[in-house]
Amino acid sequence: MDRNRIALAVTFVVTILSLFVGLINLVSNVSSSKLTRVDAGSGFGTDRLGAALIKIEGEIHSGHSSYDSAGAQTILEQLRAIEDDSNIVGILVEVNSPGGSVGASQEIYKELMYLRKEKNKKVVVSMKDIAASGGYYIASAADKIFALGGTLTGSIGVIAIAPNIKGLLERYGVKVRTFKEGKYKDSLSLFRDNTPEEDAMIQKMLSDTYEEFIEDVAKGRNQTVKFVEALAEGRIYSGQDAFRNKLVDDIGGRREALAELSKLCNYDGTLPLFEEEVNPWDRFFQLMQAKSGGFFSGEKAFLQELKRSPVLVLYPHSMAW
């Protein structure tokens, strides 16, 4: 009873806070497109040449970013807000992500390639703790990639996972009835084994996505498909090993990456670095969601572990979250 009352109380407080934040946002009408100076200096805006800082942190997925994940829609909005800004001549992308969904990673990759090829924006990536699979996919769109010696990167591969609890249900005499219209509608079902035909269909889907992954990396890195294939198959590399294998261009952090970006932009000195201004109320509400989510959600432990794994994931319907 006490636990239920606590849960109801927390739900009530979060609901009131969300309504309050929504009203504040409507009243204040804070613009999300303003850029603030990251390094030394005051004020906001870009009244002189500079570079935009874009952060890819946590699991990559479609939709908006959360407190600890990177949403493609949020990242794309940030990139498109600067594509016609002549004062923003470069983009520094900091990647600290184990990967995520295929579509979201591809969208961000393609947008960076568009800015690089069509809008003549110079793009440099700075890898942090991890930039694997979808994280590396995005990084490969850059003119130059910097990694730390201990960065975990690579993992060029694709995986689809669906649990099968058929044996567990049979053990306890539980039966599941499935009604469907379409022969393959319940492929990757929790409750039965796949047929050989379904396995072949899923494998073909994975193979197509894997080939596109390799081709995009080869295009972004100005390498041959054969070169990337030899380093792929899900292999994971340290930053030093990735440098030796030409998956990254140099070893260094933000300072070194920004220096290289300044050089690519033919800027005398170090480019001023700007980042999108964050609405403090949005940040506060994201934090509240992160803190309350673990209390109420019934997310399985294996799904949480999957999110932390360095894999580019195809999410079948039965695995969506």
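Before reading on, note that the structure itself is shown above.
What counts and how
- Residues numbered from 1 in each chain as written.
- Predicted model: local features only at pLDDT ≥ 70, side-chain atom pairs only at ≥ 80, totals over all residues.
- Heavy atoms only, no water.
- Phe/Tyr/Trp six-rings, centres within 6.5 Å; stacked < 30°, edge-to-face > 60°.
- Helix = DSSP H or I, 4+ residues; strand = E, 2+ residues; numbered from the N terminus.
- Buried < 20%, exposed > 50% of the residue type's maximum accessible area, 1.4 Å probe, protein only.
- Axes fitted to C-alpha atoms, helices over the stretch in contact; angles between N-to-C directions.
- Parallel < 35°, antiparallel > 145°, perpendicular 65-115°, else oblique.
- Left-handed = near helix turned anticlockwise from the far one by under 90°.
- Contact = heavy atoms within 4.5 Å.

### Notes on the packing of aromatic side chains
Alright, step 1. For the coordinates displayed, the defined rule picks out two aromatic pairs.
Alright, step 2. With a centroid separation of 5.2 Å and 70° between ring planes, the pair formed by tyrosine 109 and tyrosine 137 is classed as edge-to-face. Taken together, the residues span a long stretch of sequence, with tyrosine 109 in helix α3 (residues 102-117) and tyrosine 137 in helix α4 (residues 134-139) at a distance of 28 residues.
Alright, step 3. When its relative accessible area of 0% is taken as the criterion, tyrosine 137 is described as buried.
Alright, step 4. Each ring, one from tyrosine 137 and one from phenylalanine 213, has its centre 4.4 Å from the other, and the planes form 10°; the classification is stacked. Residue tyrosine 137 is located in helix α4, and its partner phenylalanine 213 is located in helix α6 (residues 196-221); the two are separated by 76 residues in the primary sequence. Each member of the pair, tyrosine 137 as well as phenylalanine 213, carries the same accessibility label: buried.
Alright, step 5. Through pairs of rings, three or more aromatic residues link up here, namely Tyr109, Tyr137 and Phe213.

### As for the packing of α3 against α6
Alright, step 1. Across the interface, α3 lies against α6 with an axial gap of 12 Å and an inter-helix angle of 25°. Of the possible angle classes, the one that applies to α3 and α6 is roughly parallel. Along this stretch, α3 crosses α6, giving a crossing that reads as left-handed. Across the interface between the two elements, Val102, Gln106, Tyr109, Lys110, Met113 and Arg116 from α3 touch Thr209, Glu212, Asp216, Val217, Lys219 and Gly220 from α6.

### Description of unusual backbone geometry
Alright, step 1. Its identity as a non-glycine residue notwithstanding, asparagine 120 has a phi of 55°, on the positive side.
Alright, step 2. Position of asparagine 120 relative to the elements: it lies in the loop between α3 and β6 (122-132).
Alright, step 3. For asparagine 120, a relative accessible area of 55% translates into the label exposed.
Alright, step 4. The residue serine 155 is not glycine, and still its phi comes out positive at about 55°.
Alright, step 5. Along the chain, serine 155 falls in the loop between β8 (152-154) and β9 (158-159).

No statement about biological role is implied by the geometric values presented.
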